[in-house]
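# Residue-level structural notes
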Amino acid sequence: MKFYRRLTPIKAMSFDLDDTLYSNKPVMQAIEKQMIAYFDGVVTRLQLHSAPVRVLDQHFWLPFRQQAVLQQPNLAHDVVKVRLHTYYLGFGALGLTDDTAQQQAQAALDYFIELRSDFSVSEQSKNLLAELSENYPLVAISNGNVDTKALGIAQYFSHIYHAGWQADGVLLKQKPATDMFKLVCQQLAIKPQQLLHVGDCGRADIQGALQAGCQTAWFPCYGVGKPVSVLPHIEFETLNKLKQL
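Residues numbered from 1 in each chain as written. Predicted model: local features only at pLDDT ≥ 70, side-chain atom pairs only at ≥ 80, totals over all residues. Heavy atoms only, no water.

### Some points on the side chain of H77
Defined as follows: Secondary structure follows DSSP: runs of H or I at least 4 residues long count as helices, runs of E at least 2 residues long count as strands, and numbering of each begins at the N terminus. Partly exposed residues are those whose accessible area sits between 20% and 50% of the maximum for their type, while under 20% is buried and over 50% is exposed, using a 1.4 Å probe and protein chains only. Only heavy atoms matter for contacts: two residues are in contact if any of them lie within 4.5 Å across the pair.
One can find H77 in the loop between helix 2 (58–71) and helix 3 (79–93). Judged by relative accessible area, which is 18%, H77 ranks as buried. Dropping the residues within four chain positions of it, H77 is found in contact with A163, G164, L171, L172, K173 and Q174.

### What about the pairing of strand 2 (residues 12–15)?
To keep it simple, the criterion reads: Should DSSP find at least two bridges between two strands, the strands are regarded as paired.
Residues A12 and S14 of strand 2 are buried on one face, and the alternating residues M13 and F15, pointing to the opposite face, are buried as well. Of the pairings in the sheet, the one linking strand 2 to strand 7 (residues 195–199) comprises four bridges and is parallel in character. When the sheet's bridge partners are listed, A12 is paired in strand 7 with L195.

### Considerations on helix 8 (residues 202–211)
Within helix 8, seven of the 10 residues are buried, which leaves it mostly tucked inside the rest of the structure. Restricting attention to buried positions, one finds in helix 8 the residues G202, A204, D205, I206, G208, A209 and L210. Looking at the buried side of helix 8, the elements it contacts are helix 7 (179–188), strand 7 and strand 8 (215–218). Of the residues trailing helix 8, G213 is marked for its positive phi of about 90°.

### Re the packing of helix 2 against helix 3
When two helices pack together, their arrangement is given by the angle between the helix axes and by the axis-to-axis distance. Our working definition: Interaxial angle, 0 to 180 degrees, is taken between N-to-C directions of lines fitted to C-alpha atoms, where a helix line uses only the stretch in contact. Helix crossings get a hand from a simple test, with the near helix turned counterclockwise from the far one by less than a right angle marking a left-handed crossing and a clockwise turn marking a right-handed one. Throughout, the ten residues Ala, Val, Leu, Ile, Met, Phe, Trp, Tyr, Cys and Pro are labelled nonpolar, Asp, Glu, Lys and Arg are labelled charged, and all others, Gly among them, are labelled polar.
The geometry of helix 2 relative to helix 3 is characterised by a closest axis approach of 8 Å and an angle of 115° between their N-to-C directions. Regarding helix 2 and helix 3, the two cross each other, and that crossing is right-handed. Mapping the contact onto sequence places F60, W61, F64, R65, Q67, A68, V69 and Q71 in helix 2 and V82, H85, T86, Y87, L89, G90, F91 and A93 in helix 3. When its residues are assigned to classes, the contact of helix 2 with helix 3 shows 10 nonpolar, five polar and one charged.

### Re the sheet that holds strand 7
The strand order across the open sheet built from seven strands is 1-9-8-7-2-3-4, with neighbouring strands paired in mixed fashion. Either end of the sheet is taken by a strand with one partner, and the two such strands are strand 1 (2–3) and strand 4 (159–162). Here two bridges tie strand 1 to strand 9 (residues 234–235), and the two strands are oriented antiparallel to one another. The residue of strand 9 that forms the bridge with K2 is E235.

### A short note on the nonpolar core
A general trend in soluble globular proteins is that nonpolar side chains are found buried together. Selection criterion: What makes a nonpolar core is a set of buried Ala, Val, Leu, Ile, Met, Phe, Trp, Tyr and Cys residues whose side-chain atoms join them at distances within 4.5 Å.
M13, F15 and F91 are the most contacted members of the largest nonpolar core, which has 53 residues in total. Per-element tally for this core: the top contributor is helix 1 (residues 25–45), with seven residues. When near neighbours in sequence (up to four residues on either side) are disregarded, F15 contacts T20, L21, L129, L132, L138, V139, A140, I141, F157, H197, V198 and L242. By size, the runner-up hydrophobic cluster in this structure holds 17 residues, among which are Y161, L172, V184 and L195.

### Some thoughts on the layout of surface pockets
Heads up, the rule is: Any residue with an atom within 4 Å of a point lines the site, the site being either a cavity, points on a 1 Å grid over the protein atoms alone where a 1.4 Å probe fits but cannot get out, or a pocket, an open set with protein on both sides within 12 Å along at least 5 of 7 lines. Grid points are joined across faces, edges and corners, and a volume is the space filled by probe spheres set on the points.
Volume-wise, the largest pocket comes out at about 1400 Å³. D18, N24, M28, V79 and R83 are the residues nearest the centre of the largest pocket, which is lined by 46 residues in total. For the lining of the largest pocket, the element with the highest residue contribution is helix 1, accounting for eight residues. For the lining of the largest pocket, the per-class residue count stands at 20 nonpolar, 11 polar and 15 charged. For the second largest pocket, the lining is made up of 13 residues, of which V80, N145, H162, A163 and W165 are closest to its centre. Elements that contribute at least two residues to the lining of the second largest pocket include exactly helix 3, strand 4 and strand 5 (164–165). Among the residues forming the lining of the second largest pocket, the class breakdown is six nonpolar, five polar and two charged.

So this is what it looks like as C-alpha cells:
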C-alpha cells in the first residue's frame, strides 16, 4: 500500500463497482458477443437482410449513441436511457417504423439488462465487504447499471447509487461530477472528508471524490480506468489491504 496524503479518521466507505469489486471487461466482452447474436436474430426475424450493415456490433451502434447524446446531452449520464435511445435510432435507420423501432429497442435493452448482471463476484470481495460493513457504513457509487442484488452484494451496502435519472426525477450526474458523493455524505450525515471512496478510475473515482472533498483509495488492479492526474490518498494492489486501515 502506498500513501500519498495523510489519512484522517473516516466514518464511512464508498465503493465503485465495475473494475473495482470485480473485473468488468470480460463481462462486457461476453455480452457484446451475445448481443451481436441477438441482433442477428432480429435481422433475420424482421427480414432486414437488405440493410447496408448486417453485423450490428458496437461499431454500428456508436454513431447512434453519439447522435442520441447530441440530441439530449444529459443522456450521457444515464447508461440505460442512452442505450435505449441508441437502439431506437439505430433500428429507425434500418428502416423500421417508429413504433416497431421503439418495441425492438425496448426488447434489446431488456435482454441486455438480463445479461448485464449474469456473472459472479468473487468470495474474496464478498468477504471483504462483509467484514468492512461490520465497522463502517458502506455505500456503492456507480456510473453503470449492474444489479447488486443479482450479484449477491446488495446486503453489504446501506445505500446504492447509480448515475442517471432517479425515481423522483432527479438526475444524478456520472462521476467525476460530485452529485453522488455529496448525496452520500448528506444521507449518512457525515462531512465529505469522513468518507473514503474506493475506485479504479483516476478521473471518475479519484478526481471526482477529491473534488467533493472526500478521501480516496485508488485500486487500479484491472488496468482499465484512466490514470490519475491528481494524487489519491492511498494506492493499493489488493482489496484486502483495506482491512489494514
